[in-house]
Amino acid sequence: MGFLDIDNVTKSYGAVKVLNETEISVEEGEFLVLVGPSGCGKSTLLNMIAGLEDVTSGDISINGRRVNDVKPAERNIAMVFQSYALYPNMTVRGNISFGMEMHGVPKAEREEKIAKVADLLQITNLLDRKPGQLSGGQRQRVAMGRALTRDPDVFLFDEPLSNLDAKLRVDMRTEIKKLHQKLGTTIVYVTHDQIEALTLSTRIAVMFGGNVQQLGTPQEIYDNPANMFVAGFMGSPAMNLLPARLERVNGAMCAVLKVGDGSTITVPFPRAEDLTEGADIVLGIRPEAMTDPEGADRDSNALTETELPIDVVEPAGSDTYVTVALGGKDAIGRFRAHNPAKAGQPARFTFDMAKAVAFDPETETRLA
Amino acid sequence: MATAPTSEAVTAGTGTPPPGGKTRASVNIPRIVLYVILGLFCIYYLLPLYVMLSNSLKPLNEITSGGMMALPSDWTLAAWRSAWSEAQVGVAATGLKPYFANSFFMVIPAVAIATLLGALNGYVLTKWRFRGDTILFGLILFGCFIPFQIVLIPMARALGFLNISGTVSGLIFVHVIYGVSFSTLYFRNYYAAFPTELVRAAQIDGAGFFTIFYRILLPNSGPIAVVCVIWLFTNIWNDFLFGASFSDFDSQPMTVALNNLVQSSTGVKEYNVHFAGAIMAALPTLFVYIVAGRFFVRGLMTGSVKG
């Protein structure tokens, strides 16, 4: 039993099932991020935790109490919405105190809490303004302030940063993380942004098509994606998914990949040692495991150096991304900045096969 | 060349440069024609108002002697006084005063109730959706298109059954029923564009159905409420058919009383009194338009652009 238990929960609208049997158990103080593309069921799941939508089957319990039939206001949760959902007719103060007022908190105590929260979020000077007079970032803070006054068991965030511009989004991301470290409250956070998921969470549930594809720590999700969807969704640039064949050369299991010009390269792949020789696989390798030789992780025990013709070079400031044709696909490698690599010319690559994974091309699940 | 001949100015106005090669400010004939035409239309439309006003301010003999279009030579408010409190309306010589009051007693509660019910309907139809809500909305809309004449007899029966026939309450009842269709239409469309997340946030904050309605939705409904009030006020105040059909002597609204005033004048037709009475009957709606008119346009825009 966790602090927040989602036990075999499903959701259907008429005949359409938008969330299949879902099982997630969240410990107290955890920061769980639900991430996935639009329509994957993540917001539906969050709304069901909040009590804004009914559960079709299964149970949700918070702090040991089954809350399926408990009204949103009585679940002891607080929610921050994508549009902030500040009441336009009330001042910031009114917005923050509204929930406490509804719960019958005496006025003196309300004032005290407002002052405390405003101080924490540095919005004291905004308390008497209307939401219409605030910038996006300020509204975001007010929305969080409103949630904070509740001292909830669980905080729910519904894509809270997606209406902010890029710079502010990064700042607010850090602030949310700080807030979590300071308060230690359990958080469930919905986003479609995999960077937010990786940076904020203690655990991630990657969702797609109404199913949780993988539930794990950011490290597990990033290093060992359960299937090709998770591999492609998490990480930017995405993991290269390259068709390859397993062959045994000199007793060692190797991945054989086609190169653009029709030749092949053979890379020792110790992780695939237990797989069937001669099998077709999809090799998953992140751009940072395909580097220039000097940029490779020298602690790795499975480095292979080879030369490949480069198609495109994209300098990105801190790194340079190079594209090569591998296994019939465009594979992206990450070189260090100021690299002499040029499009149309061959360059030396180092593959770190300790960080590569193998997928079954049929079921798309990870084999090794 | 400041003294250009008119023919040249006309060519300048149509875009060809004058022979002198210099363009200059000159009299624009098409524009003058335009303003003259507009001015004539303006006078044409304002003429009835002028006739009403000037004749209501002169003694009767000035009108009967053929000076209908002239300004009063002997300015007097006697006709207004008479229309207000002395003239024979129906059987009693009470003037229009009591009926003016009747109209207010009818229109204020009717507008208030219909607006509130419409807002409540709009709230339920957009924020508490249920199976069949669009069909229900369609049926309510249907009420906007039912001609008044069709419901006269069933309504008379219903009012009799409810024991409020021939009373101001009965008229309020009838007007609320007709008004709700329109106010529901207005508020439903306005609330459809109202962010549902606000309602959800309020739910999580612990507000119930009615608290959300009057603390969150109503305070943000200003523009559409103004539209609704103007529309309902004008229609209910100006209604004659229901007033004539469902009222008694002591519950007649202004419109019916005005008709009786004109019909029941014995002997000489007191045109000046009739004119004064007609202006009186129109004043409240004019007042509402002038005070709230600019919100009217703004409110209509708000609903349409956001939706």
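Values in this document were obtained by computation on a predicted structure and should not be read as measured data. (Residues numbered from 1 in each chain as written. Chains lettered and ligands numbered in written order. Predicted model: local features only at pLDDT ≥ 70, side-chain atom pairs only at ≥ 80, totals over all residues.)

1. Quick look at the sheet that holds strand β20 (residues 346-352) of chain A
- In spatial order, the strands read β15-β20-β16 (chain A); together these three strands make up an open sheet with antiparallel pairing. Edge strands, defined here as strands with exactly one partner in the open sheet, are β15 (290-291) and β16 (303-309) of chain A. (Pairing = 2+ DSSP bridges. Helix = DSSP H or I, 4+ residues; strand = E, 2+ residues; numbered from the N terminus.)

2. Re the UniProt feature "domain: ABC transporter" (unreviewed entry) in chain A
- Sites flagged by UniProt as "domain: ABC transporter" (unreviewed entry) map to residues 4-234 of chain A.
- Helix makes up 37% of residues 4-234 of chain A and strand 26%, whereas the separation of the span's terminal C-alpha atoms amounts to 25 Å. (UniProt positions renumbered as here; feature names shortened; annotations may be inferred.)

3. Here's the deal with the domain arrangement of chain B
Residue and element names in this part refer to chain B.
- For chain B, the assigned domains read domain 1 (6-56) and domain 2 (97-306).
- Contacts between the two partners involve four residues from domain 1 and, on the opposite side, six residues from domain 2.
- Grouping the amino acids of the side of domain 1 that touches domain 2 by side-chain chemistry returns two nonpolar, two polar and no charged. (Domains from an automatic or database assignment. Contact = placed C-beta atoms within 7 Å. Nonpolar A, V, L, I, M, F, W, Y, C, P; charged D, E, K, R; others polar.)

4. A few points about the packing of helix α5 (residues 97-127) of chain B against helix α11 (residues 222-238) of chain B
Residue and element names in this part refer to chain B.
- In contact at an axis separation of 9 Å, α5 and α11 are set at 140 degrees when each is read in the N-to-C sense. In the packing of α5 onto α11, the handedness of the crossing is right-handed. Listed contacts from α11 to Ser-103, Met-106, Val-107, Ala-110, Val-111, Ala-114, Thr-115 and Gly-118 of α5 are Ala-225, Cys-228, Val-229, Leu-232, Phe-233, Ile-236 and Trp-237.
- Across the contact of α5 with α11, the residue classes tally to twelve nonpolar, three polar and no charged. (Axes fitted to C-alpha atoms, helices over the stretch in contact; angles between N-to-C directions. Left-handed = near helix turned anticlockwise from the far one by under 90°.)

5. Side note on the interface of chain A and chain B
- Residue-level contacts link 17 residues of chain A with 13 residues of chain B.
- Broken down by secondary-structure element, the contributors of at least two residues to the side of chain A that touches chain B are β6 (77-80) and α2 (92-102) of chain A.
- Class assignment for the residues of the side of chain A that touches chain B results in 13 nonpolar, four polar and no charged.

6. Concerning the domain arrangement of chain A
Residues and elements named next belong to chain A.
- Taken domain by domain, chain A holds domain 1 (4-233) and domain 2 (240-359).
- Just the C-alpha atoms count here: the centres of domain 1 and domain 2 sit 39 Å apart.
- Counting residues per element, the side of domain 1 that touches domain 2 draws most heavily on helix α8 (residues 228-233), at three residues.
- Here the side of domain 1 that touches domain 2 is built from residues that sort into three nonpolar, three polar and one charged.

7. Describing the environment of Tyr84(A)
- Within the element layout of this structure, Tyr84(A) appears in the loop between β6 and α2.
- Excluding anything up to four places from it in sequence, Tyr84(A) contacts Arg139(A), Gln140(A) and Ala143(A).

8. A look at the packing of helix α8 (residues 168-192) of chain B against α11(B)
All names here are of chain B.
- Look at α8 against α11: their axes get within 10 Å of each other, and the N-to-C directions meet at 155 degrees. In terms of orientation, α8 lies roughly antiparallel with respect to α11. Considering how the two elements wind past one another, α8 and α11 form a crossing that is right-handed. Residue-level inspection shows His-175, Gly-179, Phe-182, Ser-183, Tyr-186, Phe-187 and Tyr-190 of α8 in contact with α11, the latter providing Ile-224, Val-227, Cys-228, Trp-231, Leu-232 and Ile-236.
- Partitioning the contact of α8 with α11 into residue classes produces ten nonpolar, three polar and no charged. (Parallel < 35°, antiparallel > 145°, perpendicular 65-115°, else oblique.)

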